[in-house]
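Coordinate inspection notes
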Amino acid sequence: MAEKTIHFQTPRTLSQIYCGKDENLALAEKTLSVTLIARDDWLQISGEDEAVAAAEAFFDTLREGRQQGLNVRQSDYENLLRSVAEGNLEQVRSMFGKDAVSYQFKRKSVIPKTLGQKSFAHAMSENDVVFGIGPAGTGKTYLAVAAALDALLKDEVEKLVLTRPAVEAGEALGYLPGDLQEKIQPYLRPLYDAMFDMLGHDFASRLLEKDVIEIAPLAYMRGRTLAHSFVILDEAQNTTPEQMMMFLTRLGEGSKMVITGDITQVDLPRHKYSGLKEAIDVLNEVPGVCFQYFDGQDVVRHSLVARIIEAYQRYMDSTGAHQRRDPIK
């Protein structure tokens with residue numbers, strides 16, 4: 001049997017680590033086979049040597065993340081706990097270590113919360129073209145916007161371009177109210193939301209007015225060369241092969257491109273093949289192009305989202321439903 005005591009700056013800091021819920025301590029006890037006692041500003045861990053080491057790494061990781069600006073949420077707590085329980089102890093220890101990634105903005109800090117997100121952040125810093133592919137809720141778009149804003153504010157690029165294909169998901173654009181700009185606005189809303197969340201509405205609006213940040217539908221990219229820019233294509237699963245090739249060939253000198261999408265949620269007509277799916281096949285071995293894949297373990301929304309994704313994946317694997325859902329090539 002071993003025993004370890006971790007000290008925190010204040011009792012409030014300790015409480016924030018486990019989201020102020022005693023049931024989270026009970027969850028860690030059950031998951032890691034340890035006994036936990038939380039008092040004032042310290043946490044005592046007791047159990048078998050290996051279990052205590054795992055629990056210590058788990059709570060130390062949360063503490064380091066908190067010191068770097070991470071606001072520990074329930075999903076963060078559960079995701080890291082699951083990673084430790086699955087034997088990814090060393091990877092968890094490295095989450096907020098010397099090679100940690102942190103995007104610091106005046107309004108907030110953005111920090112990768114999963115191993116997949118951390119790999120994605122490193123990929124964006126090391127490659128000119130990066131694909132982030134995975135299910136909803138894995139933070140692909142949000143992290144890409146954070147990396148782009150960070151590069152812009154550090155003068156590494158001169159312009160930020162955010163784009164999405166305007167493809168109907170069961171609704172027809174023609175029946176939406178307003179002119180063309182008003183019709184496509186809902187498709188671009190998630191990009192605005194991410195940017196406003198990091199920079200604040202006023203500062204972001206000034207950058208938009210100066211055209212330092214441009215948010216536009218994919219069709220507006222045709223014929224352009226995007227130099228010294230950080231360019232993000234979101235919802236890329238809804239591009240056609242022609243649109244994907246058009247977009248990728250906009251890459252100009254001193255620019256980066258990040259393409260995000262979820263190949264399980266294609267909204268194209270059944271006779272259209274997804275440009276993102278084709279790009280995976282065509283570009284998989286091209287030097288300078290990096291693919292980062294996310295799965296249910298990278299979901300940072302409500303913890304139930306990860307279980308929903310996993311349930312759907314099991315269902316599709318067992319029934320072949322994914323074959324019926326794929327557009328006809």
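Use the structure listed above.
One structure accompanies this document, and this report is about it. (Residues numbered from 1 in each chain as written. Predicted model: local features only at pLDDT ≥ 70, side-chain atom pairs only at ≥ 80, totals over all residues. Heavy atoms only, no water.)

**A short note on helix 10 (residues 241-248)**
Every buried residue of helix 10 is accounted for by Pro241, Met244, Met246, Phe247 and Leu248. For helix 10, the secondary structure elements touched by its buried residues are strand 6 (129-133), strand 7 (159-164), strand 9 (229-233), strand 10 (256-261) and helix 11 (275-283). (Buried < 20%, exposed > 50% of the residue type's maximum accessible area, 1.4 Å probe, protein only. Helix = DSSP H or I, 4+ residues; strand = E, 2+ residues; numbered from the N terminus. Contact = heavy atoms within 4.5 Å.)

**With respect to the packing of helix 2 (residues 22-32) against helix 3 (residues 49-67)**
Relative to each other, helix 2 and helix 3 sit at 140°, their axes nearing to 10 Å. Considering the angle they form, helix 2 stands oblique to helix 3. Pair helix 2 / helix 3 crosses with right-handed handedness. Along its contact with helix 2, which presents Leu25, Ala28 and Leu32, the element helix 3 presents Ala51, Ala54, Ala55, Phe58 and Phe59. Class assignment of the residues belonging to the contact of helix 2 with helix 3 gives a composition of eight nonpolar, no polar and no charged. (Axes fitted to C-alpha atoms, helices over the stretch in contact; angles between N-to-C directions. Parallel < 35°, antiparallel > 145°, perpendicular 65-115°, else oblique. Left-handed = near helix turned anticlockwise from the far one by under 90°. Nonpolar A, V, L, I, M, F, W, Y, C, P; charged D, E, K, R; others polar.)

**Considering the side chain of Thr114**
Looking at the element boundaries, Thr114 is found in the loop between strand 5 (109-110) and helix 6 (115-126). Given the relative accessible area of 5%, Thr114 is considered buried. Here Thr114 is in contact with Asn79, Met95, Gln297, Asp298 and Val300, once residues within four sequence places are set aside.

**Comments concerning the pattern of salt bridges**
Once the charged atoms of two side chains with opposite charge are near each other, the side chains can pair. In this structure the tally under the stated criterion is eleven salt bridges. Taking the shortest distance from any N to any O, the salt bridge between Asp197 and Lys108 comes out at 3.0 Å. Of this pair, Asp197 sits in helix 8 (residues 180-199) while Lys108 is found in the loop between strand 4 (103-104) and strand 5, placing the two residues 89 residues apart along the sequence. In this structure, the salt-bridge partner of Arg164 is Glu235, at a minimum N-O distance of 2.9 Å. With Arg164 in strand 7 and Glu235 in the loop between strand 9 and helix 10, this pair connects stretches of sequence that are 71 residues apart. (Salt bridge = Lys/Arg side-chain N within 4 Å of Asp/Glu carboxyl O.)

**Let's talk about the pairing of strand 9**
In terms of burial, strand 9 is a largely internal element, five of the five residues being buried. Here strand 9 shows no split at all, with Ser229, Val231 and Leu233 on one side and Phe230 and Ile232 on the other all buried. Where strand 9 meets strand 10, four bridges bridge the pair, whose relative direction is parallel. Counterpart to Phe230 in the pairing with strand 10 is Lys256. Viewed along the sheet, the connection from strand 9 through helix 10 into strand 10 turns out right-handed. (Pairing = 2+ DSSP bridges. Right-handed = clockwise from strand over helix to strand, strands pointing away.)

Scope: geometric values only; no functional claims are made or implied.
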